[in-house]
Amino acid sequence: MAEDRVPTWEDVARRYGRKIYSFAYRLTGNPDDASDLVQELLLRVRKGLANYTPGSFEGWLWRITRNAFLDDVRKKKRRPTSPLPDDDRAVLGASPSPDEVLASVRLSDDVQAALLKVPMEFRECVVLCDVVGLSYEEISSAIDAPVGTVRSRIHRGRKQLRGLLTWPM
Amino acid sequence: MADVTQPQPIDHVTATGVDNACDIGELMSAYLDGELREGELDQVVAHLSDCLSCIAEFHDLKEARTAVRMLPILQVPDRVMPAAHYGPELSAFLDGELTVDEQTMIVQHLESCTECLLELQDLDAARTAVRALPGVEPPAPLLPRLPVRSQRTSMRRIAVAAAGFIGAAFIAFNMMTSAPEETPVDLDQFADRHTVRQSVEGNFTGVPVIAPRSSP
């Protein structure tokens, strides 16, 4: 799995599947939409890899991820729905105590609900930065906007998000 | 009427929605993310050292950032993910040749993929079996000759060098310890040498000088 070779479609599915799904879920709050995005994206990756030349793979991947997401949203022409906390519960292990589990789920729900109230253009940058873990430069490439715009959107998104989170941190 | 020549108190509003009048907001988020440009770090650090409202906003931004970062990375539903299994990566995993991220990815995959887990067990068994094989000495005729010959040559060189050293040491020892030999003086030879020298230099006293032949 060297960095300088073109990954296979299976590599992409294994390595980025969870992040792509999380990206879509955090943006939409809807597990069905997130699943649709992963499937659509993997199809695009399979087609796109034939013409992909080694370079910034992450930039390329997240650019087509975002485009697939926007296309999907346009196609469905519906607003993001409310979050379904069942998805967050699915990732919790058996070891934490019931209280910890409930607290963690509640926290995730609150943050997810707050995220969905942040305007999409800000939310998108916040999620790419803090969920996916991209640099400002990579986000700039993914959303096709200047780094200064990315910086501004992340800041404004976080600021609004903090105002929406009512619980003490 | 307000005195415009004096600095006006800044109407700071903390982070719940209104922009901070200090206008370093974007820099604070970039600071949190390690994304400041050259020269901006000093500006942010200096400002945060004496602006209480910006310090409060900084902590608000940090909390919002932490909240999103703590969201779990979700498991993709099985029906969505292709049945992608690991191959050569499993051997590299056994040999500790993967990065930490790759190892984590495989461990997570193994939690839900029985097929890859069985494959890993098979590979581990094969690897253990091969490693347990005893070492075998190759038959003598198959041993390459070159290393042996070169070894002999080296030994010979060492022996020659050692002998030379011992010989030189012996000679030096003899020179230091033995007294110079007294050789008997050959008077006839001495007299001949003396005559020749006198004839050349011409000033050897005690010996008759041969006058130069006068010209006619």
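Here, the structure is the one placed above.
Residues numbered from 1 in each chain as written. Chains lettered and ligands numbered in written order. Predicted model: local features only at pLDDT ≥ 70, side-chain atom pairs only at ≥ 80, totals over all residues. Heavy atoms only, no water.

Turning to the packing of aromatic side chains, a few remarks are in order. Tallied over the full model, the rule gives five aromatic pairs over all chains. Each ring, one from A:Phe23 and one from A:Trp62, has its centre 5.6 Å from the other, and the planes form 70°; the classification is edge-to-face. Taken together, the positions of A:Phe23 in helix H1 (residues 9-28) and A:Trp62 in helix H3 (residues 57-76) put the pair 39 residues apart, joining distant regions of the chain. By relative accessible area, A:Phe23 is classed as buried at 0%. Looking at A:Trp62, the relative accessible area reads 1%, which means it is buried. An angle of 35° between the planes, with centres 5.6 Å apart, marks the rings of B:Tyr31 and B:Phe58 as tilted. Taken together, the residues span a long stretch of sequence, with B:Tyr31 in helix H1 (residues 25-32) and B:Phe58 in helix H3 (residues 52-69) at a distance of 27 residues. On the basis of relative accessible area, B:Tyr31 is assigned to the partly exposed category, the value being 30%. Owing to a relative accessible area of 13%, B:Phe58 belongs among the buried residues under this scheme. (Phe/Tyr/Trp six-rings, centres within 6.5 Å; stacked < 30°, edge-to-face > 60°. Helix = DSSP H or I, 4+ residues; strand = E, 2+ residues; numbered from the N terminus. Buried < 20%, exposed > 50% of the residue type's maximum accessible area, 1.4 Å probe, protein only.)

Here we take up helix H5 (residues 100-112) of chain B. An ideal rise of 1.5 Å per residue puts 18 Å on 13 residues; H5(B) measures up with 19 Å between its terminal C-alpha atoms. Buried within H5(B) we find B:Glu102, B:Met105, B:Ile106, B:His109 and B:Leu110. Burial along H5(B) is one-sided: seen end-on, the buried residues are contained in an arc of 135°. In H5(B), the exposed positions angled more than 90 degrees off the buried face are occupied by B:Val100, B:Asp101, B:Glu111 and B:Ser112. Structurally, H5(B) contributes buried residues whose contacts are with H1 of chain A together with helix H4 (88-94) and helix H6 (114-132) of chain B. (Expected span 1.5 Å × (residues − 1). Arc of directions from axis to C-beta. Contact = heavy atoms within 4.5 Å.)

Time to look at the interface of chain A and chain B. Each partner contributes residues to the interface: chain A has 45 residues there, and chain B has 45 residues. For the chain A and chain B pair, buried surface summed over both sides reaches about 4,100 Å², with 62% attributable to carbon and sulfur atoms. Per-residue buried area on chain A facing chain B is highest for A:Arg14, A:Arg18 and A:Arg151; these three make up 20% of the total on that side. At the junction of chain A and chain B, the tally comes to six salt bridges. Measuring nitrogen to oxygen at the nearest pair gives 2.7 Å for the salt bridge that ties A:Asp130 to B:Arg69. (Buried area = accessible area lost by both parts, 1.4 Å probe. Salt bridge = Lys/Arg side-chain N within 4 Å of Asp/Glu carboxyl O.)

Fair warning: the whole summary comes from geometry, so function is off the table for now.
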